[in-house]
Amino acid sequence: MEYIQIANVTMPVQQPAVMIALFGAWLYVRIQYGKSFADRFSNTAFLFVIVWKFSIILFQFPLVLQAPMSILYFNGGTYGFWLGLAIALLYMYINKMPSFKTAGAWAAIIVLYPLALSVMAGTWTIWTITQAAGSILFFFVAKEGLERALTLLLFWQLLFLSAEGGLFGMESFVYIIVTVYFIIWRKKT
């Protein structure tokens, strides 16, 4: 795992990459779908980040009791990430956010996260550009059918993750679970 230092804080490079991807997705939905949906999306993103960040209290309670400042420096780790993701998806479902628009936001996250991660980690290559360019095609194919476009985007990302040896990593599982969730949600609505 690579780390980045911002001022006096050292953190895994994935955290600011997630924040950049969420901000970029918010900007995309703000431009594409308007202020109302962008506000709903930002509530979802904020909920995800807050749950992920403060779930350290739930999963590492002895550490928090011993060192309360750990809340500022750490997050809930993998379990906290999954909890935050589950709560964010549940929030979207309960609030009946339009599946086409939320899938567009998800696609923006999938495009931006690997790009931000590679730039921040200093692993920027021609493959990163190829991955981003291919991912952007989602936005053109989505008009033909959301399920097909999400499936193509998923397999495109998995292709690049498999080339990097990360096919069975957490990133792949997140892509698969969220994409399946959107496809099932779309079928029910």
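Heads up: the structure comes first, above all this text.
These figures come from a predicted structure and were not determined experimentally. (Residues numbered from 1 in each chain as written. Predicted model: local features only at pLDDT ≥ 70, side-chain atom pairs only at ≥ 80, totals over all residues. Heavy atoms only, no water.)

Visitor: Looking at this structure, I do not really get the pattern of salt bridges. What am I missing?
Guide: For side chains bearing opposite charge, pairing can occur when the charged atoms are close. Using the criterion set out here, one finds one salt bridge in the structure. Residues Asp39 and Lys35 are paired through a salt bridge, measuring 2.9 Å at the closest nitrogen-oxygen approach. One end of the pair, Asp39, and the other, Lys35, are both in helix H2 (residues 35-54), four residues apart, so they sit about a helical turn from each other. A relative accessible area of 32% places Asp39 in the partly exposed class. (Salt bridge = Lys/Arg side-chain N within 4 Å of Asp/Glu carboxyl O. Helix = DSSP H or I, 4+ residues; strand = E, 2+ residues; numbered from the N terminus. Buried < 20%, exposed > 50% of the residue type's maximum accessible area, 1.4 Å probe, protein only.)

Visitor: Whenever I open this one, the pairing of strand E2 (residues 9-12) confuses me. Can you help?
Guide: Looking along a regular strand, one sees side chains alternate from face to face of the sheet. With four bridges connecting them, strand E1 (residues 3-6) and E2 associate as antiparallel partners. Across the sheet, the residue bridging to Ile4 is Met11, located in E2. Between the antiparallel neighbours E1 and E2 lie two residues, among them Ala7 with a positive phi of about 60°. (Pairing = 2+ DSSP bridges.)

Visitor: Mind showing me how you'd approach the nonpolar core here?
Guide: Side chains that are nonpolar tend, in soluble globular proteins, to be buried together. Judged by nonpolar contacts, the single largest core of 48 residues is most densely connected at Leu22, Phe41, Phe48, Trp106, Phe138 and Leu150. The dominant element in this core, judged by the number of residues it contributes, is helix H7 (residues 99-121), at 11 residues. (Core = buried A, V, L, I, M, F, W, Y, C linked by side-chain atoms within 4.5 Å.)

Visitor: Sorry if this is basic, but what is going on with a nonpolar patch on the surface here?
Guide: Judged by side-chain polarity, Leu167, Phe168, Phe173, Ile176, Ile177, Val180 and Ile184 come together as a nonpolar surface patch covering roughly 630 Å² of accessible area. Structurally, the position occupied by Phe168 is in the loop between helix H10 (146-163) and helix H11 (170-188). Taking relative accessible area as the criterion, Phe168 reaches 70% and is therefore assigned exposed. (Patch = residues over 30% accessible without salt bridge, like charges linked within 9 Å, V, L, I, M, F, W, Y side chains within 5 Å. Areas by Shrake-Rupley, 256 points an atom, 1.4 Å probe, with all protein chains shown as cover.)

Visitor: Mind showing me how you'd approach unusual backbone geometry here?
Guide: Working note: non-glycine residues mostly have negative phi, and peptide bonds are mostly trans. Positive phi is not limited to glycine here, since Lys96 has a value of about 50°. Note that Lys96 resides in the loop between helix H6 (77-94) and H7. In this structure Lys96 comes out as exposed when scored by relative accessible area, which is 69%.

Visitor: Looking at this structure, how should I read H6?
Guide: Three- or four-residue spacings in an α-helix give side chains the same orientation, since the helix completes a turn every 3.6 residues. With 18 residues, H6 should reach 26 Å at 1.5 Å per residue; the first-to-last C-alpha distance of 26 Å fits that figure. Those residues of H6 lying buried are Gly80, Phe81, Gly84, Leu85, Ala88, Leu89 and Met92. With its buried residues spanning 165° around the axis, H6 presents them on a single face. Looking at H6, the residues exposed on the side facing more than 90 degrees away from the buried face are Tyr79 and Ile94. Lys96 sits one or two residues past H6 and shows a positive phi near 50°. (Expected span 1.5 Å × (residues − 1). Arc of directions from axis to C-beta.)

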